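Per-entry structural report
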Amino acid sequence: MSGLLVPLQADATTVLVQIVTISALYALVALGFTLIFGVGGVLNLAHGANITIGAFAAFVVSSQWGLGGVAGLLAAFVVTGVLSGVYYLGLIKRIQDEPIMVMIITLVTAVAVEEVIRFIYGSQPKVLPLVDGRFIIGGSTVTSATLVAFVLSALLIAALFAFVNYTRQGKALLATSMTRKGAALVGIEADRINLLVWVAAGALAGVAGVFLGATQGASYAMGRGPLVLSFTIVVLGGIGSIRGSVLGAFIVGTLEILTVQYIDSSLTGLTPLLVLVAVLLLRPEGLFGRELVEA
Amino acid sequence: MSEDTASERVADDQSGRSLPSIPGRYVAGVVGLLVLAAMPVLADMEIGLGVPGVFVFTVDQLFLLDLTAALYFGMFAMSWDTVSGYTGQISFGHGLFFAVGGYTSALLNLGFGIDPLLSIPVGIVLAAVAGILIGVPALRLRGPYLSLVTLVAPLILLQLFIFRSDVFGGELGLRDPEPFLGFGVSQASTVFYIALALFVLIMALLLLVTRSDAGRVFTAIREDEDAVASVGLNPAKFKIFAFVLSAAVGGLAGAMYVHTPIGGPTPSELFSTTVNVEVIIAAVLGGMGTIVGAAIGGIFVGLVPILLDEVGVVIPVLGVPVGEIDFLLFAVITLFLLFVLPGGILRSVLNAGSRVRGWRRGDEVATDGGRPERVVTRVARRWYDGLREEGGDDDE
């Protein structure tokens, strides 16, 4: 979790750039996680695997097939989206009313995916070239990869906002997440909405995986850290809340970067976890969350 | 327990989760334990089992030690089952208790020279305290929220261990502490018998607890917590009890494990993600909420990788030795079994057993006069039904 981070005494602009970039990536991951939970009531512990799959899909297409970074990005978007949808239809749909089974099966799936990737590509992190070059912004150097990561994630988040708030499908999605029975009564097909959400969540996480892989190397276990962080983010923002997740991502991203820069880089993973426990104990419904009624 | 009226009412509920009482399963259980107990005798004779060239497997001292480790893992799986299988409070970080027990005992032994006889109980007590710490959030949090806390707890511990590597040895762990009662590698059968005795003891204890009135309340909490509260029982009390009991047993298993010649106090052995997942796989595979199933699953998960390594079979198409991808195989087998036998191995075997007996007696049960559905047919039908539901109405 620390490849993006330059250890200690970076100047304020660099720190700010890092915060904004990493937060945007975390938001991409957390949004999918929270949508799946909010709409389907399903805790998808295999969400981290999408990150890994995205990164390796990009690695295969851009490096091994030599088609370049953009093709890799597209491949990650499509492959993880499709896989996630197929996973929902093939496995989760049958058991989505049994939360315990869902948690166990998604957890086991995540492990299986990690093992497959480790077996095929080894445990050494892979270099994932996206775009070359660097910029100088406000006196600090920013790599192009960082910039692309930020711009694209911001665009995707904005697109998701627009989709949810201004399209019929999006409104149906919101309705389902608020009350499944109510949505069913007005003729919204929950299963179709669920499929949509799983595909979107997979695609977003896949893209985030490419950027995470490009900035800190792609390895078989790269999905674990972001998955745990998305718990924190989602719980902090309120499970099922989109703006809560974005805000949560920025809080967690800021905390992480500040911890690394000004306290101790070995504490990176600890701060968000402590935040998570504190939030769960003090305000389990999060900043913008609703009381968990049906789980 | 203070609420006696309620417990009596539950007491004559025969169905619940308990299995149909077949004497056959007790016979099978005793035979299983006897086979385990006979292992050291086999080792003295250096018996090889299997087909030469394809599957050769020798019972020897090393295998006894592996079996010992598997027994401790079985105990650990039973402790997971006590809290997660019965009360439904799914714990994703059960390794925390395993680790607290193991590390406490190892640190006391290595740092202060305290004998394992004394350091292990301290490890158990500290693990129980950790059980209270995890149990308290369980009073306020439900379902997925609680699972998140349990998932995060060992991660926090791991971060602390890495941060204070000087004390805890970081990711590499500590060196091995003294063996329990001084039994080392050369006395493998003694080490094994100690483990087997503890295993039987813990299984008896957990079976007693889960079959008692408290155990019935555990199950009731899993099914409907509000209903439990509505009859005047305090679910919080029972949940904490389940967590503390489970943590203490897990701590015992962890502490004993680090003092065997085969186990050591390292994060990868005690509380890595793998351990946390493996214990769930073990319990679910064996049969959640059965204790015995979890024990069988634990031994299975503990032994199968070792057997796979010994077998040395190369998977045909991929050309890979089985031993290299054992954990992946596990995950795939688990996914498959969860789908085919949702109740776990134990329940399926018991059900199959009672069906066979019914057959022999001639009182076939299928209500439509046909034969009972075969497993393959059932799975195929479930998939087909699942596909057909696509266009159907919402069931809510």
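Residues numbered from 1 in each chain as written. Chains lettered and ligands numbered in written order. Predicted model: local features only at pLDDT ≥ 70, side-chain atom pairs only at ≥ 80, totals over all residues. Heavy atoms only, no water.

**Considering the overall build of chain A**
- On a plain count of helices and strands, chain A comes out with eleven helices and two strands.
- Starting at the N terminus, the α and β elements of chain A follow one another as α-α-α-α-β-β-α-α-α-α-α-α-α.
- With respect to the principal axes defined by its C-alpha atoms, chain A has extents near 55 × 45 × 35 Å.
- A total of 295 residues make up chain A; the buried ones form 58% of that total.
- Carbon and sulfur atoms make up 67% of the accessible area of chain A, which amounts to about 11,600 Å² in all. (Helix = DSSP H or I, 4+ residues; strand = E, 2+ residues; numbered from the N terminus. Buried < 20%, exposed > 50% of the residue type's maximum accessible area, 1.4 Å probe, protein only. Areas by Shrake-Rupley, 256 points an atom, 1.4 Å probe, with all protein chains shown as cover.)

**Description of the overall build of chain B**
- Helices and strands together make up the secondary structure of chain B, namely 17 helices and four strands.
- Taking all 396 residues of chain B together, 49% fall into the buried category.
- Of the roughly 18,200 Å² of accessible surface on chain B, 65% is carried by carbon and sulfur atoms.

**Structural notes on the environment of G286(B)**
Residues and elements named next belong to chain B.
- Along the chain, the position of G286 falls in helix α13 (residues 273-286).
- A sequence separation of 13 residues divides G286 from I299, and the C-alpha atoms of the two residues are 9.7 Å apart.
- Ignoring sequence-local partners within four residues, the contact set of G286 consists of G293, G297, G344, I345 and L346. (Contact = heavy atoms within 4.5 Å.)

**Section: the nonpolar core**
- If you look at the biggest cluster of nonpolar residues, it comprises 195 residues, and the most contacted ones within it are I105(A), M75(B), M78(B) and F199(B).
- With 16 residues, the single largest contributor to this core is helix α3 (residues 61-87) of chain B.
- Residue contacts for M75(B): discarding those within four places in its chain leaves L198(B), F199(B), I202(B), V249(B), L252(B) and A253(B). (Core = buried A, V, L, I, M, F, W, Y, C linked by side-chain atoms within 4.5 Å.)

**Digging into the confidence of the model for chain A**
All names here are of chain A.
- Overall, the predicted model of chain A reaches an average pLDDT of 83, with 92% of residues at or above 70.
- Mean pLDDT values over the elements of chain A span from 70, in strand β1 (residues 134-137), up to 91, in helix α2 (residues 47-64).
- Confidence drops under pLDDT 50 across residues 1-8; counting only partners more than four residues distant or on other chains, this segment forms 24 contacts.
- This stretch, residues 291-295, has a pLDDT under 50; its non-local contacts, to residues over four places away or in other chains, come to eight contacts. (pLDDT = per-residue confidence, 0-100.)

**Overview of the packing of aromatic side chains**
- With the rule as written, the count across this model stands at twelve aromatic pairs over all chains.
- Taking 4.9 Å as the distance between ring centres and 40° as the angle between the ring planes, the aromatic pair formed by F56(A) and Y121(A) counts as tilted. You can see F56(A) sitting in helix α2 and its partner Y121(A) sitting in helix α4 (residues 99-121), a full 65 residues away along the chain. Pair check on accessibility: F56(A) and Y121(A) agree, each one buried.
- Ring centres of Y87(A) and W198(A) lie 6.1 Å apart, and the angle between their planes is 55°; this geometry places the pair in the tilted category. Separated by 111 residues along the polypeptide, Y87(A) in helix α3 (residues 69-95) and W198(A) in helix α8 (residues 190-216) bring together distant segments of the chain.
- Assessed through its relative accessible area of 17%, Y87(A) is described here as buried.
- A relative accessible area of 2% means that W198(A) is categorised as buried.
- An aromatic cluster of at least three residues, connected via ring pairs, comprises F73(B), F76(B), F98(B) and Y257(B). (Phe/Tyr/Trp six-rings, centres within 6.5 Å; stacked < 30°, edge-to-face > 60°.)

**Structural notes on the interface of chain B and chain A**
- Listed per partner, the contact involves 42 residues of chain B and 48 residues of chain A.
- Approximately 4,200 Å² of surface area, both sides summed, lies buried where chain B meets chain A, with 78% of it carried by carbon and sulfur atoms.
- Counting across the chain B and chain A interface gives zero salt bridges.
- Inspection of the chain B/chain A interface yields zero residue pairs in polar contact (both at pLDDT 80 or more).
- Mapped by element, the contributors of at least two residues to the side of chain B that touches chain A are α5 (116-140), α6 (143-163), α13, α15 (326-340) and α17 (375-388) of chain B.
- With twelve residues, α6(B) is the largest single contributor of residues to the side of chain B that touches chain A.
- Looking at the side of chain B that touches chain A residue by residue, the class counts come to 29 nonpolar, six polar and seven charged. (Buried area = accessible area lost by both parts, 1.4 Å probe. Salt bridge = Lys/Arg side-chain N within 4 Å of Asp/Glu carboxyl O. Polar contact = N/O pair within 3.5 Å; in protein donor to acceptor, adjacent residues only side chain to side chain. Nonpolar A, V, L, I, M, F, W, Y, C, P; charged D, E, K, R; others polar.)

**Overview of unusual backbone geometry**
Residues and elements named next belong to chain B.
- In this structure, I291 takes a positive phi of about 60° despite not being glycine.
- On the secondary structure map, I291 appears in the loop between α13 and α14 (292-311).
- Given a relative accessible area of 0%, I291 falls into the buried group.

**Description of the packing of helix α4 (residues 95-112) of chain B against α5(B)**
All names here are of chain B.
- Closest axis-to-axis distance for the α4/α5 pair is 8 Å, and the angle between their directions is 145°. The chirality of how α4 crosses α5 is right-handed. Between α4, through L96, F97, V100, G101, T104, S105, L108 and N109, and α5, the contact on the second element is made entirely by P116, S119, I120, V122, G123, L126, A127, A130, G131 and I134.
- Along the lines of polarity and charge, the residues of the contact of α4 with α5 split into eleven nonpolar, seven polar and no charged. (Axes fitted to C-alpha atoms, helices over the stretch in contact; angles between N-to-C directions. Left-handed = near helix turned anticlockwise from the far one by under 90°.)

**Considerations on the confidence of the model for chain B**
Residue and element names in this part refer to chain B.
- Here chain B averages 76 in pLDDT, and 75% of its residues register 70 or above.
- Per-residue pLDDT stays below 50 along residues 1-16; that stretch engages in twelve contacts with residues further than four places along the chain or on separate chains.
- Taken over the whole predicted complex, pTM reads 0.77, whereas the ipTM for its chain interfaces reads 0.71.

**Topic: the packing of helix α6 (residues 168-178) of chain A against α8(A)**
Residues and elements named next belong to chain A.
- Direction vectors running N to C along α6 and α8 enclose 105°, while the axes themselves pass 10 Å from each other. Here α6 lies roughly perpendicular to α8, going by the angle between them. Across from Q169, A172, L173 and T176 in α6, the residues of α8 making contact are A190, I193, L196 and V197. (Parallel < 35°, antiparallel > 145°, perpendicular 65-115°, else oblique.)

**Some remarks on a nonpolar patch on the surface**
- Together, F135(A), L147(A), F150(A), V151(A) and L155(A) line one region of the surface with nonpolar side chains, adding up to about 410 Å² of accessible area.
- Per-element accounting of the nonpolar patch gives the leading share, four residues, to helix α5 (residues 144-166) of chain A. (Patch = residues over 30% accessible without salt bridge, like charges linked within 9 Å, V, L, I, M, F, W, Y side chains within 5 Å.)

**Remarks on the environment of L91(A)**
- Relative to the helices and strands, L91(A) is located in helix α3.
- On the basis of relative accessibility, which here comes to 16%, the residue L91(A) falls in the buried class.
- Residues L91(A) and S265(A) lie 174 residues apart in sequence; the distance between their C-alpha atoms is 39 Å.
- Not counting chain neighbours up to four residues away, the residues in contact with L91(A) comprise V86(A), I105(A) and F339(B).

**Observations regarding helix α9 (residues 224-237) of chain A**
Residue and element names in this part refer to chain A.
- Across its 14 residues, α9 extends 20 Å between first and last C-alpha, which sits within 8% of the 20 Å expected from 1.5 Å per residue.
- Counting buried residues along α9, 13 of its 14 residues qualify, which places the element largely inside the surrounding structure.
- Directly after α9, the chain includes G238, whose backbone phi takes a positive value near 105°. (Expected span 1.5 Å × (residues − 1).)

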